[in-house]
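Chain and residue survey
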Amino acid sequence: MALTAGIVGLPNVGKSTLFNAITKKNILAANYPFATIDPNVGTVTVPDQRLEFLNDLYVPERLIPTAFEFTDIAGLVKGASKGEGLGNKFLSHIREVDAICEVVRCFDDSNIIHVDDTVDPIRDIEVIALELILSDLEIVENRLSKVSKKAVLSKDKEAKMEYELMEKIKDSLVAGHPVRKMQLTDEEKKLIKPFQFITAKPIIYMANVAEEDLLLGENDYTKRVEEYAKAEGARVIVVCAKIEAELAELSDEEKKEFLKDLNIEESGLDQLIGATYDLLGLQTYFTAGTDEVRAWTFKKGMKAPACAGIIHTDFERGFIKAEVMSFEDIKSYRSEKGVREAGKMRLEGKDYIMQDGDICTFRFNVTK
């Protein structure tokens, strides 16, 4: 299950520098607006200490972690929804991602130009929020014009439901409220899914600070962002793009030492991945053997057959049982044999809801 997050922000907030660091891609990061012309896509592996433990235990021929895809989207500016800057083209790119990671400038540096000349993270957040709302509002209004006559003149229940829902969304957007803050039923969420409303996507704010402020964990700017995010029910991650760039050049061991010297437990990337997983309700299960140890991403609440289908559709179609042990059990007993002898190995059926950290062997049979 691929996970895609779009990195957005105003020009010169450290967005592309951060993207360079976390994907180790050498894209253009220049000190002027619109340095990023096309959306750059980079895939990073998801760090998971459980996977490292299983690798040491099984010593497989292949170790395959799950992946996280970042799309770096060009800097938005005021008026983007009307085509200002590089506007609508990039708003369309945001529609294709699962979550939004908005980089907010929370540092002072006279050598780095700000499009509005001064640093004000809340103003910057609100500029982008307005452009995303206006972009969604345009879609709603276009849809209303198409479905209104059908809804009013006919007895088509679906058309009437869509018309009423679009009117409700329009009222919310006009009031300045994103779609994600609306109380929608599962049926309504399903109905609006094809429209890919940007403001329906979950969001994480990444407060980009100077190195000295990262060591403190905050500054006056980040405090303001935290207050704003709290009111919205969103999460804030404090990062330093400069430090992330330095970490990207180090080996895993050197990275651990560097973070230890800075008295930081996790890099900004690791925090971002964890936060985005939580945001999207994602979890990980494993398959393990001497040939391959692999991590698989699934949506919380998925049942065993659907999780088996992530590996191959035949696994889901011909699902019989799943042989399951928890990571904590294999960590305690140090082997599959130990887990079996302790009576902790389980056979689960079609109604089993997969749990984070499950280690599975799927039994299936597909007849032609």
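You'll find the structure just up there.
Right, let's talk about helix H5 (residues 157–174) for a bit. For H5, built from 18 residues, the straight-helix expectation of 26 Å at 1.5 Å per residue is met to within 8% by its first-to-last C-alpha distance of 26 Å. Those residues of H5 lying buried are Ala159, Glu162, Leu165, Met166, Ile169, Ser172 and Leu173. Axial view of H5: buried residues confined to an arc of 145°, hence all on one face. Away from the buried face of H5 by more than 90 degrees, exposed residues Lys157, Asp171 and Val174 are located. Among the structural elements, helix H4 (121–153) and helix H6 (186–192) are those in contact with the buried residues of H5.

On to the pairing of strand E1 (residues 4–8). Counting buried residues along E1, 5 of its 5 residues qualify, which places the element largely inside the surrounding structure. The side-chain alternation of E1 yields two buried faces, one formed by Thr4, Gly6 and Val8 and the other by Ala5 and Ile7. Relative to strand E4 (residues 67–72), E1 is paired through 4 bridges, and the arrangement is parallel. Residue pairing for E4: Gly6 is matched across the bridge by Thr71. Relative to strand E5 (residues 99–105), E1 is paired through 4 bridges, and the arrangement is parallel. Its bridge partner being in E5, Ala5 is matched across the sheet by Ala99.

The next thing to look at is the sheet that holds strand E6 (residues 203–208). Strand order in the open sheet made by the 6 strands is E2-E4-E1-E5-E6-E7, with mixed pairing throughout. Edge strands, defined here as strands with exactly one partner in the open sheet, are strand E2 (40–45) and strand E7 (235–239). Across this sheet, the average inter-strand angle for adjacent strands is 25°, counted without regard to direction. Summarising the sheet, E2 and E4 pair through 6 bridges and their orientation is antiparallel. Bridged to Gly42 within E4 is Phe70. Each of E5 and E6 touches H4; the most contacted strand, E5, lies at about 145° to it. Sheet strands touched by helix H8 (residues 220–232): E5, E6 and E7. Its angle to E6, the strand with the most contacts, is close to 175°.

A separate point is the packing of aromatic side chains. A ring pair, where both rings are aromatic, is described by two values, the distance of the centres and the angle of the planes. Evaluated as defined, the whole model comprises 8 aromatic pairs. Aromatic pair Phe195 and Phe197: ring centres 5.8 Å apart, planes at 20°, arrangement stacked. Note on Phe197: relative accessible area 3%, which makes it buried. Within the aromatic cluster, the residues linked to one another by ring pairs are Tyr285, Trp296, Phe298, Phe319 and Phe362.

Rules and cut-offs
- Residues numbered from 1 in each chain as written.
- Predicted model: local features only at pLDDT ≥ 70, side-chain atom pairs only at ≥ 80, totals over all residues.
- Heavy atoms only, no water.
- Helix = DSSP H or I, 4+ residues; strand = E, 2+ residues; numbered from the N terminus.
- Expected span 1.5 Å × (residues − 1).
- Buried < 20%, exposed > 50% of the residue type's maximum accessible area, 1.4 Å probe, protein only.
- Arc of directions from axis to C-beta.
- Contact = heavy atoms within 4.5 Å.
- Pairing = 2+ DSSP bridges.
- Axes fitted to C-alpha atoms, helices over the stretch in contact; angles between N-to-C directions.
- Phe/Tyr/Trp six-rings, centres within 6.5 Å; stacked < 30°, edge-to-face > 60°.

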